[in-house]
Structures are given as structure tokens and as C-alpha cells.
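# Fold and geometry: a report
Below are the chains, spelled out letter by letter.
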Amino acid sequence: MGSLQYKTVDEILKDVGKDSITHLRCNGKIPLLNKLCPMVKYLYLANIPEDYQLESLSSLTQLERLYLSKNNFKEGLSEVVGALTSLTELYLNRCQLQDLPESLSSLTHLEVLELSYNNFKEGLPEAVGALTSLTELNLISCQLKDLPASLSSLTQLKKLVLSYNNFKEGLSEAVGALTSLTELNLNSCQLQDLPESLSKLSQLEKLNISMNYELTKIDEKVMALNKLQTLCCVGCTKLISPPYAVCRDGIHTIREYFKSLSQGKEIEVCDAPVAIVGNSLAGKTSIVKSLRQGKRVLTKRSESDVSFIDEVTKGFEVHDLKLQESTANLIDHGGQDVYHIAYQYALKENNIPLFVVSFKQFLAISHKKGSRVAAKETCWDWMSHLYLSCPLLGPPLLVFTHADAVSNQRVKVRKNNFLEEIARLRKNMLAEESGFCGEKRGEFQKVLHLSNTQAPVFHPEEVFIFSDDQEETSNIRNLKLALDRRCQVFKTVIPGAWNEITEFVTDQTDKSVIKLSLIEERFSIKESHTVLRYMHNTGSILWYNQINSLQPYVFHQIHHIIETITLLFHHRAEEKWKERLDTFFPYLYQDRRVNKAKYEEMVEEFQHDGILDSALLYYLLTKESAKFSWEVSVELLKSFKVLHGPVHKRAIEYYLIPFASQSSMDGSWKTDGDLQLRLEIQFGGLPLPIYAFHLAIVKFLDVLKEEPSLPSTMMVRNNGSTIYHGESSTHFVHFFKEQRVTVQVSTSTQLLASSWKRLIETTRHILEYITSTWKACRPSVKVVCPHCLYLRDPHPGTFVDPDWLCPVFSTVAGGPMQCQLQVYVKSFSGFQPTFCSKREAKSKAGGKPTIPSPLVYPCYSLSVDETQKVTEYLSKVISQRRAIPSAHLRPPVASLSIQNVRGKRVQLQSQLTIEGDDSELSDSLDYLNEHEAKSAVIRLSVKPSRKAWAKKLFDSSSVYAMSNPKRGRCLVINNIHFVAPDSSADSGRIERTGSQTDQENVVGLFKNLSFVTNIYEDLPAKEMLRVIREETEIEDHKDYGMFVLVVMTHGNETHLYGTDRQAILRTSVNHLLSPWNFPRMAGKSKLLIFQACSGGGYDLPSGDITHFSRSPDPTPTVALPSTSSSQSTSPSLADALAGDDFFIMNASFPGYVSERHDAHGSFFIRALVEAFYKHSCHRDVKRLFEEQIAKKVRTKSIEVNNRYPRVSRQQPTLMCWPTDGKKLYLFPGYTPPPTERQ
């Protein structure tokens, strides 16, 4: 049936006729319905005006379904509704109703009544009880506190939904009279007990009692209902009969529990896990030891105390603590960031949170950043680790340590200050939360304890203060009593037969892992599987019965898994790898001989790029751990999303670990491809921990690896990943500090529809993974307008959680609450002219839509003709596109063998491409930024020399010796302001714009390279020579291994200019630094960097790019000052360099100019600085110049010249005269052992 739209009643009657209308939707003003459609059967009325009278409905005697949802009937619903006696379905949800008309009882044929989200706080109207034909009644969130007795008359009712009402005082036994019920939903009703009459519902098939946090018992009689097939108890964490660990596994496990109880004795169990978290060195381990020994025990550690460094808790450790009436399983979580990834193995819904806060750390952070930040960093951020994944956890306990850091009089003040800041942080979170849950989102999972504003975050009786006094015992005793009270809440009983199985499993201490077959041989398969699922839910074992490769194994010693994790993630990784190298022995792996050199290469690759050769992983898992088989260990790590793989190159396997990569995604992905389809997910509430984003990267790789459509290559970074599929690519980038992830598909017009599908499906998987793991996170989806991105609009239009693409929270199939990406694509299928989000105003002004809908909205299919129309449209608007910011350019992909220069893109057979060190300069072209660039000053850190072969060179005679810890001295001369032609020094000045940026970048670089750096600005010619001569006389040079001179000024092929327009010979500079005039640096390396034109004429501003077109007018040349050298005349260039070790870099080829940007500095200096930052760790200066600096400046100057012909092309040059062919390495960040050459 087609859909027609009209504006007036007369148009409809003329075209259709009143007797032909059976379905009608009206928005806004309602026409005379009795005149328009007396035979209508389906009627939907939206946005009804407040003054509209519904009396015209009375004549619609054929009406069967009436939708009045989301209208305002706060003043009451008209009695005329009772006249619609043919009604079978009536929808009145979200109508602000407080009562119902009595005439409603006349609707004797009504079968479906939807009343959700109204305000019936005075009770459900009695009229509902008269609707005896009802089969479905929905009363979600109606503020009900009980049900009327009249409801028992609804004997035909099959589905009753009562979610999100307050039945704290108990649910009426009248519900037991609804004997036809097949589905009953009591989700989130604050129930403490279930009515006994539920056992009378003999037809009941589905029962949802999830999120009733105070519920403690499920009657065995309810389990005896023969037709009951589904029982959802998610979130009922206080259940003890049966235990929640049984109930969360479903109705079949619950029935097995009751069956086993009836067949044997009961065993009382009273224990609970206590999750102890806090900053590193806060005193968590000391608290655990003190509790177990009953007296204050201190673990003396400090950040600099190497002797105790290996005592740091790795991952987590579990210790049993026997209390008066219970047992607490103390889980001491390591505070180091690297171990946070292990938290997911221990967190369960029945954990008792215990936060440890050091007064010493709180005060130190308070002094630097304020008490709010201190409370956040020492406690609030740890809330995220626990409450995001387990939002139903109870209130936490709080232990302050290091109270000695505060005077006795100030302890209480500081404690109150901390608690006040925590309260403010919660208040801010709840304020943000209040605006999050919209109508289209549904009910999201809140953090139960933090949402309860009637209770403090920390109860006063559960806050404890510990000093370092070893005689202190009262606080230890009080803390143990508090833990005992909390553990007793979980007191329960388990069948004796179950206890036999649990004891058998825990007694296998001689095994690292138990084979399932061993348990099945001793006990019945059905019962043993039930008990193993129960033990898994309690956290005492790990059994992955849903993963085929792991299902045959029971992991009963969790600490062995942590040991496996710490092989890859360790808080002192550098030292551990050095220790391994000292004990390394060659080995054979899959016919590959791994020697020490190959081992070092694999380690370097893993440490810096996150690329883990399977040969190295095999060595770690079998030579160092050997707790589990190699295959089992790999499957465990994959199940936790720690690594992705394997990916193959020929016969070699690799695994990818984003966490280990030291490289980051640059901005090239933003403009990759001709079209960009982009979604952003913003997370609110408690912040997701950093490891959540690393795991999401692995999930992204796992999802797209399953797509079989095209061969693909991969690029992995610590903040994201890219997968290339032929003509398209998919990018995942996370922004941890902003709590945001971006998913983008870069594509062509021909692949537009399939790319939309890939974008949405990839985002759906990532969103569902994150929200199912960190259940209380609150995602919001932003759709960035593809049309704006195509035009390269710097501020593209966006749709935030649009109706057609929005994360929605709901319970699925009676199960737990989940977040799903709600997508309505069909509305946008095909080609429909539309407006983009930034141009909607034109539609209101009567403008004509012209943009093809697939360039704005999701589309899963396009015909050949429709694709052609999109292509033709893009060809018309291409002239409106902005130029791509150079920082976002991505160079062509070069595929190399992995044995070639490591770090370049590596093509693997399984379709893996990995980018590393060398590609970074290619990807980051900040030295050619234009106005779109964000920062003129380069913000990078020097990559240290960590490769074993590079370290060995430090003591080699084939390279220039470097001093330590300072490499040498660096003299920088930067002439910025020059005397104007034909002017006195005071009447006019010409500025070398952009040179100040060069100075900041150069100075920052050489300081980071461990050079003592001196800067001189605006020197006349004579002063330039004087400063250089005085530098050569400094005594400290005899202790240094290298000298650097950087001169940035005007110049030509033979001269450099002072600010007074006087010139000095370049050879004069060389002569001053010759071994005769600079004996303290004789035989040592000297690097001279000249940022000046090598030809042409005078520098003049020319638009955005400033350059010299020719040298200054002829002026007298300043003579070389006399020196103590025996040389009385200036020698030739060859003589001046003879016998010495010069490396001279010039910004341009002789006779040509050097370009400079007025804001971002010179092309040459910018390229040099970035190259030294990123690659001097493993490249000598000559190779670095040839492969990086000269190549990049030449290539990019040609590119700029093609766009701006007035900008000259540029080719830097290097002249060097090394002694005996020595190479010049800078060895940044490397401190040699004492035995090595200083």
C-alpha cells in the first residue's frame, strides 16, 4: 500500500474519497475526522493542539487501533474514548496522564492497552480492571506502588509489563489470579520479596525479575512451574537462595541447584571477594599484610628504591582472610598503569570495593593541582575500574594510609576535605547524567550506589585511618569487623554434591590447569558443568565453556594467568628484557633458528611497534612461563582482547598488541580517500580507563578481519588502527583524554553503499563490546556530515544521536540491559535530494534540496544509475573543496619485505601492513603546514637509541665518539631584524618572519638531544664572528664530543649577512672552527647548519611565503678577526677543512633561495628538526639527511610550487669530510654503562 501526503481535507476528498481511507496519520492540526474518514480503522494522532476536542472521534465506529502516544493529556483524557467500542488496541504511553476516564470500561473488545510512562502515583485507575478482554497491558514507569485488587478480573491477560515501578512494600497477591499470564516483567521494581501467588501462574513461560537489587530469595515453588522456560535475574546481586552466582546462569542452573539440594546435605558458605584498589605505593599490600597478621605491617617502598621494585604487585594477588563469621578473599590490585588490563579477570558483581588513599599522595597532588584533582586521581578514577564494569556493586570502604604525613590536628580536616571533593565529583556526574537519558535512549544502566543521593559515597563507619605506627591494632580490628559484616550478606548454602566438586578442583594444586575430561570422569557431566559455571561466576576459577578452543580446560589457579600477562606487560619492561637477554640461549621454532641478534630484533619490534613475532611469543610462553601449553596461552590472551592475530607473512606469524606500540595515529586518516564516512562515539559519566580503548582496538581488528570481501592491510598504533581494503580503508582512532572514539570509512563513490554498511556494522560491534564490558558507560553517537567532509569544511555539520542512528538501552529477550545501535536505513535508501545538517536553514527558507541523500544519510544499496548521479553531483561541487591541510596528507603506500628497513610499511601475506619509525616523518608533514595547521612549534619527544646494534656502535671506532651525559655545545645565531636599504639603523627594519619559530624548534631539539645550548639574536656581521671566536675559546669543549653551529640569516652562495647588512664569508666561519683555531674540538665532529639563501637577491615578502629573490646590495665584507693561529691568511675552503671533521648542511643548492613560511618557519629547519627528533636514534647524520631531510624538502617544495608558482623549488645540500669514513651518530637518550667509553 502506498503512502500519500496532503495538506488540506478537500485535496484528500477530491483525490481519494472519504470511504477509501482506512489508515490515517495526522500531525498537528486535526481535520474533521467524521467528514474525512468515517471508515478509518487505524488512526495515529501526533502533536494534538491543546484546545482540540476529541469529540469528532465518536463517529469513528469502525476504528480498531488508536495511537495517541506522546500527547499532553495532563488535564485528563476525554470520555469520548469510551464510545469507540470497536477498539482492540489503544496506545496512551507518555501522555502525562494521572487518571483515566470511567468510560474506558466500555471498551469490551480492547485487547492491548499501552499506558507506560504516565503518572499514576495515586494508583492504577479502576477502569482498567473492567477491561476483561485485555491480553496485553504495559505499565512501564507509571510510578505505581501497588496493583488494585480489581486487576485479578483480567483472566485473559497474557502479557503484563510492570518494569520501573516502586513495589518496595510488596507486590499485590492479586497477580496470582492472572492465570492466563505467559509473560511477566518485573524488571527494576525495587522488590524485596516475590509474592507467593506467583506459583499459581501455571501458564507462565517468561519471568523477568532483573535489577531488583534487594531481592534475596526465589521460591522453589516458582521453579516448579512446568511451562516456565526463561527466568532473568541479572542484577539481583543479593540473592542468596539460590546464590546469585547460580541465578545469573539461568533457569536450568537454578533448577539443578534445587534438585541437588533435595538429594543431599547442605553446606553453608560465607565468603566474598574484596577488591582493593588505589594508586601505586598507596599502601594496599601493607593493608593486606596487616589484616592477615593482625598487626600493622609496612612495605617500605619508594619510586626510586630499586631494591624493592620487584615487590610491586603485578596484576593482582589473592589472599584469604579468615574472619569471625566469614572469609574475605582479598584481591590486591596492582596500581601500576600497565597492570590495569588484568583487572577484568577478577571483577565480579559481588565484589566488596575497598579504596586505599595515601594522605601523602593526596597532599602532594593537592599542592600542585588542587584538592578536587587530588581526590579524582587518588580515588574517583579508581571508581571507574570497579563501578563501570560492575555498576551494581555496594558502597565502598575507604582506608587512608600514611596519616603520619599530616599532623594529628589536621587529619580530620584533610579527611573531610577529601570526602567533600568526592561528594562534589559525584554531584557533577549526576548532573551530567540527568540530561543523558532521553526518550529515544531508553533506560541506561546507572551506577547504583553513586546514584543513591540519600547515602554518602563513603559511610562514616566504613572510613578508616592508618598511620605507620606498628603498634596500631584498633583500626585493623575495626576494619576486619566491617569486612565480616559485609561478607555475611553473601551467606548462603550449596548442595553437598557441589561442594565435593569444588573441593576436588581447588585441591589440584599440583596442576596449572585441569582438563575438563578429568572432572567429567569423576562426576556426572551435567552436574560438573553446572558447578563449574557456578565457580566461574564466583570468580574462583575461569572456565570458558562458550569458547571451543578453551572449553576443555579449567583454570583454577588465576595467578598463573596473571604471570602469563606480565610476560607482555610489566612495570619495568626495559629491565626485564635486559635480564632476558643476559640469559638467552638460541632456540628452534618451526624450523626457524633464532639467534641472539634475531631475538634482539624481535624484542625491539615489539617494544616500539607492538608487533609480536610468534617466535618471540613462543619463547616467552614456553621458556619463561610454561604454565599452559603454547596454544592455550595464545587463546587465553586472544579471549581477553590483549592481542590480535595471527597475521601471516609467508610462513611467519605475527600478533599485534596496540598497548605496546609507541607510535600514534597522525591526522592523515581524516582526508584519506575521496569520500569520508565518519561516526564519533562520545562517552560520558565515569571515565573509561585507558586499557578499555586498547582492547577496543583489538576488537576493531577482530571485527574487520572477519570481512572476507577484499584482501586487506593493517596499520596499528597505540591510539588506533587502519585497515585498507582495496579502494577503501577503515579507521579506528581513540582520544582517551576526551573519552571519544572515531570510526571512519574512506571510500570511493562506487563503494559508497557498501562503505556505509561497513561503517555502521563496525561501529555497532565496537559499541556493543564496550557497553557490554563497561556496562555503566554512557555513549552518544555523532554522525559527521559526509557532504561537509567532501568539501573539507573545517567545521562540518553533525547529527547527534539522530532518530535514524542512535544508541538505545534496552533489555534483550528478557535478558540484561544492553546498548544497541538503533539504525533506520530504509528511509534513506536510493537517491533522494536533501539538505545536509549545516544547510537545513535553506529548507525552511524555501530552498531546493540538491544533495544526494547517500552523501548525508546511511544507505545500504545504490543502483548503477543512482551511483552515477552521485558521481555527477560531486564533479559539479568539486570546485568548492578546500585544499587539504598538509598535516593531513598521506603519502603513497610502499610495500616492503619485513626484512628490509624496519618500520616502513610491511606487506604481509595475511594482509598485514605495519607502519613504524621511518614512515612517521612521511605521515607528519608539519614542516609544510599552511594556515590550517594548529601549531607552529613542533611538539615531539626524542626517540631514544634502544636498538642493540646501535648501542654497540657507541664504543666502536667506526663512529665519532660521543660524550656523556652532555653530548656537546650548540651555538645558535638567529638574525631576525635587518636594517632596511638606504636607511640608518634606527629608521627602518626588515624582519625575517617565521625565523622565531625556527629558533624555538632548533633550540628545543638540541636541548632534548643533551646539548648545552646558547642563543644569540640580531647580530651585526662583526659580532657574528666575535661570538663564534669566543665560543671556540670555551674550556668545556675539551670534555665534549661534538659541536653544533646553527646560523639563520640572509645569505648568498659565498656570504652570510649580519643585521647591519654587512657580510661575512662562509669560509671565515669554517676557518674559525678549523683545528688550528679550535684545537679543543680537533678530531671531533662539528655539525654546521646554515639556514640562509645560497644565491639570488634580496628577501621580500610575497604573500604567505617569504623568501629572498636575490642577495642584498653589495656591501663591504667584514674581515676575519686575527687569531693566535699561525695561519695569517684565510686559507681556501679545502685548506680550512683539511684534516678536520666537518658536516655542513645548507638549506639550498648553491645559487638558489631558501623558502620560509611567515608563521611556521623554513621548510629546511622544520624537516631537519622532525627528522632528528624521530630518527636520530637509529640513523647516522649523513643517511638521515639523504633519506629524510633533503628528500622531504625537495618533494614538498615541488608540491607547493605546483600550487604557488611564485614559491621556488628547493634542494638542501650536505658536505662532509669524516675522518677514516667515520659515521656521526647522536645516540639520543642512551647512557652507556660505566665500562663503556665516556
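This structure is a prediction, so every number in the text was calculated from the model and none was measured.

### Describing the overall build of the protein
Helices and strands together make up the secondary structure of the protein, namely 32 helices and 50 strands. When each of the 1238 residues of the protein is scored for burial, the buried share is 56%. Residue pairs at least 24 apart in sequence account for 65% of intrachain contacts in the protein once pairs closer than 6 positions are excluded. Of the roughly 51,800 Å² of accessible surface on the protein, 48% is carried by carbon and sulfur atoms.

### So, helix α5 (residues 251-263)
Relative to the 18 Å expected for 13 residues at 1.5 Å per residue, α5 spans 19 Å between its end C-alpha atoms, a close match to the ideal helical length. Every buried residue of α5 is accounted for by I251, T253, I254, E256, Y257, F258, S260 and L261.

### Concerning the packing of helix α7 (residues 359-369) against helix α9 (residues 408-434)
Remark: α7 packs on α9, axes separated minimally by 12 Å, with the N-to-C direction vectors making an angle of 70°. The angle between the axes of α7 and α9 places the two elements in the roughly perpendicular class. Considering the relative orientation of α7 and α9, their crossing is left-handed. Contact residues: α7 offers F359, F362, L363 and H367, while α9 offers V411, R414, K415, N417 and F418. Of the residues belonging to the contact of α7 with α9, the class tally is five nonpolar, two polar and two charged.

### What about the sheet that holds strand β40 (residues 1011-1017)?
Spatially, six strands are ordered β40-β37-β41-β44-β47-β50 in an open sheet, and the strand pairing comes out mixed. Looking at the sheet topology across the chains shown, the edges are occupied by β40 and β50 (1213-1216). The sheet shows a mean angle of 10° between the axes of neighbouring strands, direction not considered. Relative to strand β47 (residues 1142-1146), strand β44 (residues 1085-1091) runs parallel, the two being bridged by five bridges. Bridging from a neighbouring strand, L1088 pairs with I1144 of β47. Running at roughly 145° to β44, helix α31 (residues 1163-1175) makes contact with β41 (1042-1048), β44 and β47 of the sheet.

### Describing the side chain of T401
Tracing the backbone shows T401 in strand β16 (residues 397-401). Accessibility expressed as a relative area gives 0% for T401, which makes it buried. Beyond its immediate chain neighbours, meaning those up to four positions away, T401 contacts A282, I287, V356, V357, S358, F359 and F466.

### Digging into the nonpolar core
F355, F418, F458, F555 and L617 are the most contacted members of the largest nonpolar core, which has 140 residues in total. For F555, the residues in contact, after removing those within four places along its chain, are V513, I541, L542, Y544, L550, I561, F628, V632 and L636.

### A short note on the pattern of salt bridges
With the rule as written, the count across this model stands at 29 salt bridges. For K598, the salt bridge goes to E601, with nearest N and O atoms at 3.7 Å. In this pair, K598 and E601 both sit in helix α17 (residues 596-609), three residues apart, roughly one turn of the helix. Across the salt bridge formed by E635 and K638, the nearest N and O atoms sit 3.8 Å from each other. Of this pair, E635 and K638 are both found in helix α19 (residues 630-639), three residues apart, which corresponds to roughly one turn of the helix. We classify E635 as partly exposed; its relative accessible area is 24%. K638 sits in the partly exposed class, given a relative accessible area of 25%.

### Let's talk about the sheet that holds β16
Reading across the sheet, the six strands line up as β13-β14-β12-β15-β16-β17 and stay open at both edges, with mixed pairing between neighbours. Only two strands of the sheet have a single partner each, and these edge strands are β13 (316-322) and β17 (463-465). Strand-to-strand twist across the sheet, computed as the mean angle between neighbouring axes with direction ignored, equals 20°. Bridge count for β16 against β17 is three bridges, and the pairing is parallel. The partner of V399 across the bridge, within β17, is F464.

### Looking at the environment of K1038
If you trace the backbone, K1038 turns up in the loop between α28 (1021-1032) and β41. Contact partners of K1038, with chain neighbours within four places excluded, come to R1080 and K1084.

### Regarding the confidence of the model for the protein
Summing up the model confidence of the protein, the mean pLDDT is 81 and the portion of residues at 70 or higher is 83%. Overall, residues 841-845 carries pLDDT values under 50, and its contacts beyond four positions in sequence, including any with other chains, amount to three contacts. Of the regions scoring below 50 in pLDDT, residues 1097-1115 engages in 62 contacts with residues more than four places distant in sequence or in other chains.

### Concerning unusual backbone geometry
Cis peptide bonds are those with omega within 30 degrees of zero, and the linkage from S241 to P242 qualifies with -5°. With an omega dihedral of 0°, the bond running from G645 to P646 counts as a cis peptide bond. By secondary structure assignment, the location of P646 is in strand β24 (residues 644-649). A positive phi angle is found at R94, which is not glycine, with a value near 60°. Structurally, R94 is set in the loop between β4 (89-91) and β5 (112-114). A positive phi angle is found at Q190, which is not glycine, with a value near 60°. Looking at the element boundaries, Q190 is found in the loop between β8 (183-185) and β9 (206-208).

### Observations regarding the environment of R1194
Relative to the helices and strands, R1194 resides in helix α32 (residues 1181-1203). Placed 46 residues apart in sequence, R1194 and S1148 show a C-alpha to C-alpha distance of 9.6 Å. Apart from the residues within four sequence positions on either side, R1194 is in contact with Q1210 and Q1211.

### Structural notes on the packing of aromatic side chains
This structure, assessed with the given rule, holds 37 aromatic pairs. Note on F359 and F400: the rings are 4.6 Å apart at their centroids and 5° apart in plane angle, and the pair reads as stacked. Here F400 lies in strand β16 and F359 lies in helix α7, a separation of 41 residues in the sequence. An identical accessibility class is assigned to F359 and F400; each is buried. Here a set of aromatic residues connected by ring pairs shows up, and it is made of Y42, Y44, Y67 and Y91. Cation over ring: R25 sits above Y44, and NZ or CZ is 4.1 Å from the ring centre.

Cut-offs and rules
- Sequence order as written defines the numbering, with residues in each chain counted from 1.
- Where totals are concerned, whole chains, interfaces and linings use all residues; where local detail is concerned, this predicted model gives features only for residues with pLDDT of at least 70, and gives and counts side-chain atom pairs only at 80 or more.
- With hydrogens and water set aside, each side-chain value is computed from the structure's full complement of heavy atoms.
- Comment: elements are numbered from the N terminus, with helices defined as DSSP H or I runs of at least four residues and strands as E runs of at least two.
- Throughout this description, buried means an accessible area under 20% of the type-specific maximum (1.4 Å probe, protein chains only), exposed means over 50%, and partly exposed covers the range between.
- Contact criterion: two residues are considered in contact whenever any of their non-hydrogen atoms come within 4.5 Å of each other.
- Methods summary: accessible areas were calculated by the Shrake-Rupley approach with a probe of 1.4 Å, and residue burial reflects only the protein chains presented.
- Working rule for helices: expected span equals 1.5 Å times residues minus one.
- Orientation is described by axes fitted as lines to C-alpha atoms, over the contacting stretch for helices, and by angles from 0 to 180 degrees between their N-to-C directions.
- Note on terminology: angles under 35 degrees are roughly parallel, angles over 145 are roughly antiparallel, angles of 65 to 115 are roughly perpendicular, and the others are oblique.
- If you view the pair so one helix is near and one far, a crossing is left-handed when the near helix is turned anticlockwise from the far one by less than a right angle, and right-handed when it is turned clockwise.
- Note on residue categories: nonpolar means Ala, Val, Leu, Ile, Met, Phe, Trp, Tyr, Cys or Pro, charged means Asp, Glu, Lys or Arg, and polar means any other residue, Gly included.
- Any two strands with at least two DSSP-identified bridges between them are counted as paired.
- We define the nonpolar core as a collection of buried residues of types Ala, Val, Leu, Ile, Met, Phe, Trp, Tyr and Cys that are connected through side-chain atoms lying within 4.5 Å of one another.
- Any carboxyl oxygen of Asp or Glu that lies within 4 Å of a side-chain nitrogen of Lys or Arg is treated as forming a salt bridge with it.
- As a per-residue quantity, pLDDT reports the predictor's confidence and falls between 0 and 100.
- Two aromatic rings from Phe, Tyr or Trp, using only the six-membered ring of Trp, form a pair when their centres are within 6.5 Å; if the ring planes differ by under 30 degrees the pair is stacked, by over 60 it is edge-to-face, and anything between is tilted.
- The criterion is that NZ of a Lys, or CZ of an Arg, lies within 6 Å of the ring centre and within 35 degrees of the ring normal, and then a charge sits over that ring.

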